[in-house]
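Fold and geometry: a report
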Amino acid sequence: MTKQEKVDFVITTLNKLYPEIPIPLDHKDPYTLLVAVLLSAQCTDVRVNKITPLLFAKADNPYDMVKLSVEEIKEIIKPCGLSPMKSKGIYGLSKILIEKHNGIVPESFEALEELPAVGHKTASVVMSQAFGVPAFPVDTHIHRLMYRWNLTNGKNVNQTEKDAKRLFPRELWNDLHLQIIWYGREYSPARGWDLEKDIITKTIGRSTVLKEYYANNK
């Protein structure tokens, strides 16, 4: 299989499995998405979706958020982990949104990445899911699968993002990054991985990954 045939196989398989793509983080607008994505760092989406309703009941916009103290935010979001950093980030970005952007989440990578606690991946998720701008946010699932599928060298997430953007058509990025995340969770997890169910890796997987799998699962 050529690299292009592998890419086509990935796209076709994911479209069959996920014709309708659920959005992992519950939100109602760009601001609530931004906060949810920030909370999801080193925390499962399932847990974030349990915590955000509690936070948004008190503050679902920057103006109400800055009425809470950093300490109050921290207490609510504690189950998501890294709460000291995340609470300062949520409070800080809400303040800047009011001061610089009239309380509205800006629709640009540069402006988003200037906000406290917002890195390139968070900005990419917001640009993609809130504003429909083509982006390819790379999380642990995408990083792992792109390596298993021999579509990147797995050096770091920046390299994986570059390779994904080079290989996949731009108009598919927003759907594909979500489809790969769902596929990774369901069929190609880091632990408890059953290659027989993982049709993509079984078909196009990196030979060293397949060898290692079979050696460990004799």
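Residues numbered from 1 in each chain as written. Predicted model: local features only at pLDDT ≥ 70, side-chain atom pairs only at ≥ 80, totals over all residues. Heavy atoms only, no water.

Focus on the overall build of the chain
Applicable threshold: The way it works is that DSSP assigns letters per residue, a run of H or I at least four long becomes a helix, a run of E at least two long becomes a strand, and they are numbered from the N terminus. Exposed residues in this analysis have more than 50% of their type's maximum accessible area, buried residues have under 20%, and partly exposed residues fall in between, with area computed by a 1.4 Å probe over protein chains only. The contact rule is simple, with two residues in contact once any of their heavy atoms fall within 4.5 Å. Surface exposure here means Shrake-Rupley accessible area, sampled with a 1.4 Å probe, where a residue is shielded only by the protein chains that are shown. His residues and chain termini do not enter the charge count, which takes Lys and Arg as positive and Asp and Glu as negative. Positions of charges follow a simple convention, taking NZ of Lys, CZ of Arg, CG of Asp or CD of Glu.
Tallying secondary structure elements over the chain gives 13 helices and zero strands in all. Tracing the chain from N to C terminus, the helices and strands come up as α-α-α-α-α-α-α-α-α-α-α-α-α. Burial statistics for the chain: of 218 residues in total, 48% are counted as buried. For the chain, long-range pairs separated by at least 24 residues make up 58% of all intrachain contacts whose partners lie at least 6 apart in sequence. As displayed, the chain has an accessible area near 11100 Å², and 53% of this comes from carbon and sulfur atoms. The average position of the 29 basic charges and that of the 26 acidic charges among the side chains of the chain differ by 7 Å.

Let's talk about the nonpolar core
The criterion, for reference: As used here, the term nonpolar core means buried Ala, Val, Leu, Ile, Met, Phe, Trp, Tyr and Cys residues forming a set that is joined through side-chain atoms within 4.5 Å.
In this structure, Tyr 31, Leu 39, Leu 55, Met 65, Ile 90, Leu 93 and Leu 112 are the most contacted members of the largest nonpolar core, which totals 32 residues. Among the elements of the structure, helix 2 (30-39), helix 3 (45-58), helix 5 (70-77), helix 6 (83-101) and helix 8 (120-129) are those that each provide at least two residues to this core. For this core, the leading source of residues is helix 2, giving eight residues. If you look at the next biggest cluster of nonpolar residues, it comprises 23 residues, including Val 7, Val 138, Tyr 183 and Ile 204.

Digging into the layout of surface pockets
Operational definition: Any residue with an atom within 4 Å of a point lines the site, the site being either a cavity, points on a 1 Å grid over the protein atoms alone where a 1.4 Å probe fits but cannot get out, or a pocket, an open set with protein on both sides within 12 Å along at least 5 of 7 lines. Grid points are joined across faces, edges and corners, and a volume is the space filled by probe spheres set on the points.
Approximately 680 Å³ is the volume found for the largest pocket. The wall of the largest pocket is formed by 29 residues, among which Ser 40, Cys 43, Asp 45, Lys 121 and Asp 139 lie closest to the centre. Breaking the lining of the largest pocket down by element, the ones donating at least two residues are helix 2, helix 6, helix 8, helix 9 (140-148) and helix 11 (173-187).

Thoughts on the pattern of salt bridges
Just so we agree on the cut-off: Salt bridges, as used here, are contacts in which a Lys or Arg side-chain nitrogen is within 4 Å of a carboxyl oxygen on Asp or Glu.
Tallying each qualifying case throughout the model produces nine salt bridges. A salt bridge links Lys 78 to Glu 75; the nearest nitrogen and oxygen atoms lie 3.2 Å apart. One salt bridge connects Arg 166 with Asp 163, and the closest N-O pair in it is separated by 3.0 Å. Placement of both Arg 166 and Asp 163 in helix 10 (residues 157-167) is noted, with a separation of three residues, approximately one turn of the helix.

Considering helix 2
Counted residue by residue, helix 2 has nine buried out of 10 residues, so it is predominantly covered. Every buried residue of helix 2 is accounted for by Tyr 31, Thr 32, Leu 33, Leu 34, Val 35, Ala 36, Val 37, Leu 38 and Leu 39.

Here's the deal with helix 13 (residues 207-216)
An α-helical turn contains 3.6 residues, so any two residues separated by three or four positions project in the same direction. Rules: The arc under discussion is defined with respect to the helix axis, by the directions toward the C-beta atoms.
Within helix 13 the residues assigned to the buried category are Val 209, Leu 210 and Tyr 213. End-on, the buried residues of helix 13 take up no more than an arc of 95 degrees, which puts them together on one face. Exposed and facing more than 90 degrees away from the buried side of helix 13 are Lys 211 and Glu 212. Residues of helix 13 that are buried make contact with helix 9 and helix 12 (199-204).

Let's talk about the packing of aromatic side chains
Here is the rule we go by: For Phe, Tyr and Trp, where Trp contributes only its six-membered ring, two rings pair if their centres lie within 6.5 Å, and the inter-plane angle classes them as stacked under 30 degrees, edge-to-face over 60, or tilted in between.
Summed over the entire model, instances satisfying the criterion amount to five aromatic pairs. Plain terms: the ring middles of Tyr 183 and Tyr 187 are 5.0 Å apart, the flat faces sit at 35 degrees to each other, and that makes the pair tilted. Of this pair, Tyr 183 and Tyr 187 both sit in helix 11, four residues apart, which is roughly one turn of that helix. Taking the relative accessible area as the measure of exposure, Tyr 183 reaches 0% and is therefore buried. When its relative accessible area of 22% is taken as the criterion, Tyr 187 is described as partly exposed. When the ring of Tyr 213 is compared with that of Tyr 214, the centres are 5.7 Å apart and the planes differ by 85 degrees; the resulting orientation is edge-to-face.

With respect to the UniProt feature "domain: HhH-GPD" (unreviewed entry) in the chain
Threshold: UniProt positions are given in the numbering used here, feature names are shortened, and annotations may be inferred rather than shown by experiment.
Within this structure's numbering, the places UniProt gives as "domain: HhH-GPD" (unreviewed entry) are residues 39-186. Summarising residues 39-186: 64% helix, 0% strand, and an end-to-end C-alpha distance of 22 Å.

Quick look at the packing of helix 3 against helix 5
Relative placement of two packed helices is described by the angle separating their axes and the distance separating the axes. The following threshold applies: Only C-alpha atoms enter the line fits that serve as axes; for helices the fit covers just the stretch in contact. Angles between N-to-C directions range over 0 to 180 degrees. Any angle that falls under 35 degrees is termed roughly parallel, while one over 145 is termed roughly antiparallel, one within 65 to 115 roughly perpendicular, and all others oblique. Three categories are distinguished: nonpolar for Ala, Val, Leu, Ile, Met, Phe, Trp, Tyr, Cys and Pro, charged for Asp, Glu, Lys and Arg, and polar for the others, with Gly belonging to the last.
Remark: helix 3 packs on helix 5, axes separated minimally by 9 Å, with the N-to-C direction vectors making an angle of 150 degrees. Of the possible angle classes, the one that applies to helix 3 and helix 5 is roughly antiparallel. Counting all contacts with helix 3, which are made through Ile 51, Leu 54, Leu 55 and Lys 58, the residues of helix 5 involved are Ile 73, Ile 76 and Ile 77. The class makeup of the residues in the contact of helix 3 with helix 5 is six nonpolar, no polar and one charged.

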